[in-house]
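# Geometric and topological summary
Residue-level listing of the chains:
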Amino acid sequence: MATDDRCELLIGGMTCASCAARIEEHLNELDGVAASVNYATEKAKVTLAGDVSAQQVIAAVEEIGYTAKPVVKETTTSTVDPGTDEEARHDAELRSARNRVWIVAVLAVPVIAMSMWERLQFDYWQWACLALCGPVVVWGAWPFHRAAFGNLRHGAATMDTLVSVGTLSALSWSLYTLFLGEAGMPGMRHPFRITIERTDGTANMYLEVAAGVTLFILCGRYFEARAKRRSGAALRALLSLGAKEVAVLRDGVEVTVPVAELAEGDRFVVRPGEKVATDGVVEEGSSAVDASMLTGESVPVEVGPGDEVVGATVNVGGRLVVRATRVGEETQLAQMARLVEEAQTGKAEVQRLADRVSGIFVPFVILLSLATLGFWLGSDQPPAAAFTAAVAVLIVACPCALGLATPTALLVGTGRGAQLGILIKGPQVLESTRTVDTVVLDKTGTVTTGQMSLVDVVPAAGVKGVELLRLAGALEHASEHPIARAIAAGARERVGELPTVDGFTNEAGLGVRGTVGGHEVIVGRTSLLAGWADSLPSELAGAKAEADAAGRTSVTVGWDGEIRGLLVVSDTVKPTSAQAVRQLRKLGLTPILLTGDNEAAARAVAAEVGITEVIAEVLPSEKVAEVKRLQEGKKVVAMVGDGVNDAAALAQADLGIAMGTGTDVAIEASDLTLVRGDLRVVADAIRLARRTLGTIRGNLFWAFAYNVAAIPLASSGLLNPMLAGLIMAGSSVFVVSNSLRLRRFRALAENEPPRATGQAAEVEPKAMVTAS
């Protein structure tokens, strides 16, 4: 096997966090194996070095009493079908757990009621309780006994060991008092109070403890399993977005095939209302595509020939013919799902601490329970009182809350992030967001659109702006230069259809010339028109100087031997960038603009969005140096970028944030990926990461505080065993429920949706006023 191979295993038989800790410790003891086991997702991520094989790892897991099998990657061109065998298995297990809870509840509730309420205690009521409690402890608690026995055979102890020993001890003591003590006498009454006070347990049965603890823990396990299913719902929803069938063009005929059979290079048809089957490029047709399921963007995007489309988006307009460029696990949807799952199966440092505690917790509790029993017996207390305290210690000391504190919050937080277009690559990212105080923003493609647009039209005296745009736009429409395309697009938006061009000529590096509507037209550098005039008219010269000062590009237009006006193009600021900067400041972050562009252009953009600190005219390698300089100045830096030239800086920063509209290299180097190009999502991402980390810390505090408070009460004899079981089950449910609150996280961007029109459209009234 190749060095540093990786595999992912589905682990079976885990019932608590200490199981996960035990498996992880056992695997990491193997030479050439580095493993991380996640109790919440029931998966192990394993890195193999040297000649170690996945089968050896599986055998090592089975050696200590658990099951393991490789995770089958069923991601196809579209997604995983939610109706897989694995999904069906989880659903069946959930139904089985629910049925077990209901049956145990029917048997256990009468036992608890009769034991707690003296009016229900008829003659021989205690024997009725025994008849009802027996099946509860033997059959209802069988999963705990089976797991405890399996662990015992391998010299281990887990949460199930505590529950099994505790319930069997309660039942055994009750049998002793019924058959050999006074509890079996006719007319016996059993007063019961759930209070924090010491009791000697004289003539007490603990059938209600055995039944109640079994019921509470089964309920806790069921709600925990259901909550874990709900917390992974975002990922499953993401995986179910894709199309299932696609109409492929073969020899000019549409053939409907499963999406899994689609190959790179195939041409397929997307009709109105259908999902785009996979990532591709439009070859025929034009339409609007709704990408809200993937990006959260509410406004459909217009696409035509040459435009890229993403799988799982919905065609809301005309018929499209698309050529597939990425299929299977290479699609954007599959990559998003993979990033989310990797983040959910990772571990933060706080979780590793909880795992270490859980790993030693159960043996410690068993020893503490025995010590409690010995102490009370040695203190001349009644055996019943000593037994009561020892059983309470066993039952109340549940490490599950510790084990669930981090994974459940990660599951919900990263799943909610995926729904909002925020992909968190790993749990360590969450810890980075807590201390970030500086956000470095790349300019092009991040703060700005990254595309040239026509922003101003300045006609000479006596020239109409409409005519200037019509002739210049027609000539530039024949050119492929980015500036020419921006002018042509702006002209079409303002004046409609453009006339045809005759005798088109491209003057390399200077501009273009041709005949439009009987006029000899030249568009380009002023030097190209030098034969027509010695200099620009004063009003045009002032406009050119103003454009140069703002870092914009001005193009001179002339026809029939005279200079007629200027067209100004620029990389326009995204409509939401200024709002995003304000949101970042509200989070206590200092924004800095970092760009390779000239100082004037950078300052103009910074002034427009409200950034005061600008670092301009830097090379890609210098971007890394600037980030290091800030870090050396005791700043914790988040870097936001989208290009290949940002990748090194993204990797250097304490927190790298890539715009999903950028390059694969930038996305790979980042810690957070934002699916859409809205800078406001940066603030949402940091807020979500901080909220998730806060939830993890709250969960851990509660889990630790619960054990710190409950175990001394139990060992001192002040905690009734059934109350201990209720508190223990409640702690796990509380942790999971607290994590589920992250599903209600709302993005700031949802409150102020982006405008449907771009900034270029806003320029039109000004341009036309100037033109007229």
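Residues numbered from 1 in each chain as written. Predicted model: local features only at pLDDT ≥ 70, side-chain atom pairs only at ≥ 80, totals over all residues. Heavy atoms only, no water.

As annotated in an unreviewed UniProt entry, the chain carries the name Cation-transporting P-type ATPase B and is attributed to Actinophytocola oryzae. Quoted verbatim from the Sequence similarities (unreviewed entry) heading of the UniProt record, the comment on the chain is "Belongs to the cation transport ATPase (P-type) (TC 3.A.3) family. Type IB subfamily." (UniProt positions renumbered as here; feature names shortened; annotations may be inferred.)

Pairing is mixed across the open sheet formed by seven strands, whose spatial order is S14-S26-S25-S24-S15-S22-S23. Both outer strands of the open sheet, strand S14 (422-424) and strand S23 (613-615), are each paired with one neighbouring strand and no more. For this sheet, the mean inter-axis angle between neighbouring strands, taken without regard to orientation, is 20 degrees. Where strand S15 (residues 438-442) and strand S24 (residues 637-641) come together, four bridges link them in parallel fashion. Following the sheet pairing, Val439 is matched in S24 by Ala638. (Pairing = 2+ DSSP bridges. Helix = DSSP H or I, 4+ residues; strand = E, 2+ residues; numbered from the N terminus. Axes fitted to C-alpha atoms, helices over the stretch in contact; angles between N-to-C directions.)

Another point: the pairing of strand S21 (residues 562-573). Among the 12 residues in S21, 11 count as buried, and that is most of the element. Judged from the eight bridges that link them, strand S16 (residues 448-459) and S21 form a sheet pairing that is antiparallel. Of the residues in S21, the one forming a bridge with Pro459 is Gly565. As defined by bridge partners, strand S20 (residues 553-559) adjoins S21 across seven bridges and the pair is classed as antiparallel. (Buried < 20%, exposed > 50% of the residue type's maximum accessible area, 1.4 Å probe, protein only.)

The next subject is the packing of helix H19 (residues 577-586) against helix H24 (residues 680-715). The geometry of H19 relative to H24 is characterised by a closest axis approach of 7 Å and an angle of 25 degrees between their N-to-C directions. The pairing of H19 with H24 is recorded here as roughly parallel in orientation. Contacts from Gln579, Ala580, Gln583 and Leu584 in H19 reach Arg680, Val682 and Ala683 in H24. For the contact of H19 with H24, the residue count by class is four nonpolar, two polar and one charged. (Parallel < 35°, antiparallel > 145°, perpendicular 65-115°, else oblique. Contact = heavy atoms within 4.5 Å. Nonpolar A, V, L, I, M, F, W, Y, C, P; charged D, E, K, R; others polar.)

Looking only at helix H20 (residues 599-609), the buried set comprises Ala601, Ala602, Val605, Ala606 and Val609. Within H20, the buried residues cover an arc of 130 degrees as seen down the axis, which keeps them to one side. Turning to H20, the residues buried within the fold contact helix H15 (443-447), S16, S21, H19, strand S22 (590-594) and S23. Two residues or fewer past H20, Gly610 is found with a positive phi of approximately 95 degrees. (Arc of directions from axis to C-beta.)

A word on the UniProt feature "transmembrane region" (unreviewed entry) in the chain. Under the present numbering, the feature "transmembrane region" (unreviewed entry) in UniProt falls on residues 101-118, 124-142, 162-185, 205-223, 357-378, 384-412, 696-715 and 721-740. Helix and strand shares over residues 101-118 are 89% and 0% respectively, and the end C-alpha atoms of the span are 26 Å apart. With 75% helix and 0% strand, residues 162-185 has end C-alpha atoms that lie 31 Å from one another.

What follows covers the sheet that holds strand S12 (residues 314-315). With antiparallel pairing, the three strands of this open sheet are ordered in space as S10-S9-S12. Either end of the sheet is taken by a strand with one partner, and the two such strands are strand S10 (301-303) and S12.

Summed over the entire model, instances satisfying the criterion amount to three aromatic pairs. The interplanar angle of 75 degrees and the centroid separation of 5.5 Å between the aromatic rings of Phe375 and Trp376 together place this pair among those described as edge-to-face. On the accessibility criterion, Trp376 (9% relative accessible area) is buried. Between Trp702 and Phe734 the ring centres are 4.9 Å apart and the planes differ by 50 degrees, which places this aromatic pair in the tilted class. Here Trp702, found in helix H24, pairs with Phe734, found in helix H25 (residues 721-740); they are 32 residues apart in sequence, far enough to count as distant. Owing to a relative accessible area of 38%, Phe734 belongs among the partly exposed residues under this scheme. A cation sits over an aromatic face here: Arg100 above Trp139, 4.5 Å from the ring centre. (Phe/Tyr/Trp six-rings, centres within 6.5 Å; stacked < 30°, edge-to-face > 60°. Lys NZ or Arg CZ within 6 Å of the ring centre and 35° of its normal.)

Here the focus is helix H4 (residues 125-140). Think of an α-helix as 3.6 residues a turn; residues three or four steps apart then line up on the same face. A rise of 1.5 Å per residue sets the reference length of H4, with its 16 residues, at 22 Å; its end C-alpha atoms lie 21 Å apart and thus fit the reference within 8%. At Cys133, H4 shows its maximal bend, which comes to roughly 30 degrees, and the proline Pro135 appears one to four places after that position. Of the positions making up H4, those classed as buried are Trp125, Gln126, Cys129, Leu130, Cys133, Gly134, Val136, Val137 and Gly140. (Expected span 1.5 Å × (residues − 1). Bend = angle between axes of the 7 residues up to and from the residue.)

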